[in-house]
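# Architecture at a glance
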Amino acid sequence: MVALNTKIFVAGHRGMVGSAIVRQLKTSGHTNIITRTRTELDLTNQQAVLEFFLTEKIEQVYLAAAKVGGIVANNTYPADFIYENLMIQCNIIHSAHLANIQQLLFLGSSCIYPKLADQPMKETALLTGTLEETNEPYAIAKIAGIKLCESYNRQYGRDYRSVMPTNLYGAHDNFHPENSHVVPALIRRFHEAKINGVKEVVAWGSGKPMREFLYVDDMADASIHVMNLDKSTYDENTESMLSHINIGTGVDCTIKELVETVVKVVGFTGNVKFDSTKPDGAPRKLMNVDRLKSLGWEYTVPLENGLAKAYEWFLNNQDKFRG
């Protein structure tokens, strides 16, 4: 086990995943968690990041910082997405090495896998096909992050690990009316429909595609679990050039089932209509989590419970999402 006074840097602590990792570390009794806001430390500035690591004597790094967004944002700002994510990753991973930090966990995304990958998606599907066009720049950056970690491990004997989460939701999610992902978008939409007395809400698509969703506190718990695995155990269950681990539930549901569960949690009593003239996207996106299970971790928060927690957080913070 990692000592509770280990000096841990969580990059991206204000984001959904980073804030969950900080919560979990504190709950576990860790007392030496280091964070920096964007104004305090520009992660795209190589010299600033290196000076920070050399000064602070960090012992362990969770790399949860990233520029993220939905389809519209990825399509509108592809250069920003690939540049900023590459810079953040390169600066943190290389500076961690130069500062002789042995342990680092890089957080990626399920979008690293090919658009037409076999389902459920295994870690071995990486680099076996063409990526989804809409978020290719972001995915390329995340793949580069995996390969950075693997390369420093191979050349310098570092212990830099990577985890790839499925679709995440929960506290500190983005509930913006235009830029949010499906779960926060649905929560907000049905909440506002309930408050405004709307009788019918139209959902895009047929409702038939299947998706997997993981509550963010489960993601944080899995990340800490993977970070703290004995190195020999981690190495035995991964490959030197295929070292990332999928994090998910291994369970999916239809979009229709997701919508029905959100309706139940929010308490919307009107009708829901699916507009099948709108695009559905890929028929299924599910992570294979056999590797993670073999390492002793499984999810604990069922979808309905997680959605209720996410809705509660939204109700307590909705002033942040006005407009």
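Here's what I pulled together on the structure shown here. Quantities reported herein were computed from a predicted structural model and do not represent experimental measurements. (Residues numbered from 1 in each chain as written. Predicted model: local features only at pLDDT ≥ 70, side-chain atom pairs only at ≥ 80, totals over all residues. Heavy atoms only, no water.)

## Considerations on the packing of aromatic side chains
Counted by the stated rule, this structure contains 10 aromatic pairs. Arranged with centres 6.5 Å apart and planes meeting at 40 degrees, the rings of Tyr152 and Tyr160 form a pair that is tilted. Each member of the pair Tyr152 and Tyr160 is classed as buried. Taking the ring centre of Trp204 as reference, the NZ or CZ of Lys278 above it sits at 4.9 Å. (Phe/Tyr/Trp six-rings, centres within 6.5 Å; stacked < 30°, edge-to-face > 60°. Buried < 20%, exposed > 50% of the residue type's maximum accessible area, 1.4 Å probe, protein only. Lys NZ or Arg CZ within 6 Å of the ring centre and 35° of its normal.)

## Focus on the packing of helix α6 (residues 182-195) against helix α11 (residues 303-317)
Where α6 meets α11, the closest approach of the two axes is 11 Å, and the angle between their N-to-C directions is 65 degrees. Relative to α11, the crossing made by α6 is right-handed. Judged by residue contacts, Val183, Ile187, Arg188, His191 and Lys194 of α6 engage Leu307, Ala310, Tyr311, Phe314 and Leu315 from α11. The residue makeup of the contact of α6 with α11, split by class, is 7 nonpolar, 1 polar and 2 charged. (Axes fitted to C-alpha atoms, helices over the stretch in contact; angles between N-to-C directions. Helix = DSSP H or I, 4+ residues; strand = E, 2+ residues; numbered from the N terminus. Left-handed = near helix turned anticlockwise from the far one by under 90°. Contact = heavy atoms within 4.5 Å. Nonpolar A, V, L, I, M, F, W, Y, C, P; charged D, E, K, R; others polar.)

## Remarks on the sheet that holds strand β5 (residues 159-165)
Here we have 6 strands laid out as an open sheet, ordered β2-β1-β3-β4-β5-β10, and parallel in their pairing. Of all the strands in the sheet, the pair left with one neighbour each is β2 (33-34) and β10 (245-247). Bridge analysis of strand β1 (residues 8-11) against β2 gives 2 bridges, and the strand direction is parallel. Bridge pairing in β2 links Phe9 to Ile34. Against the sheet, helix α1 (residues 16-27) touches β1, β2, β3 (60-63) and β4 (103-107), its axis set at about 155 degrees to β1. (Pairing = 2+ DSSP bridges.)

## Section: the sheet that holds strand β11 (residues 253-254)
Backbone hydrogen bonds hold the strands of a sheet together, and the pairing may be parallel or antiparallel. Strand order across the open sheet formed by 3 strands is β11-β8-β13, with mixed pairing between neighbours. Looking at strand neighbours, the two that pair on one side only are β11 and β13 (284-285), the edges of this open sheet. Inspection of the sheet shows strand β8 (residues 210-211) paired to β13 by 2 bridges, in the parallel sense. By the bridge assignment for β13, Met210 is matched with Arg284.

## Here's the deal with the state of the cysteines
Using the criterion set out here, one finds 0 disulfides in the structure. For Cys253, which is in no disulfide, the shortest distance to another cysteine sulfur is to Cys111 and amounts to 20 Å. A relative accessible area of 10% means that Cys253 is categorised as buried. (Disulfide = S-S within 2.5 Å.)

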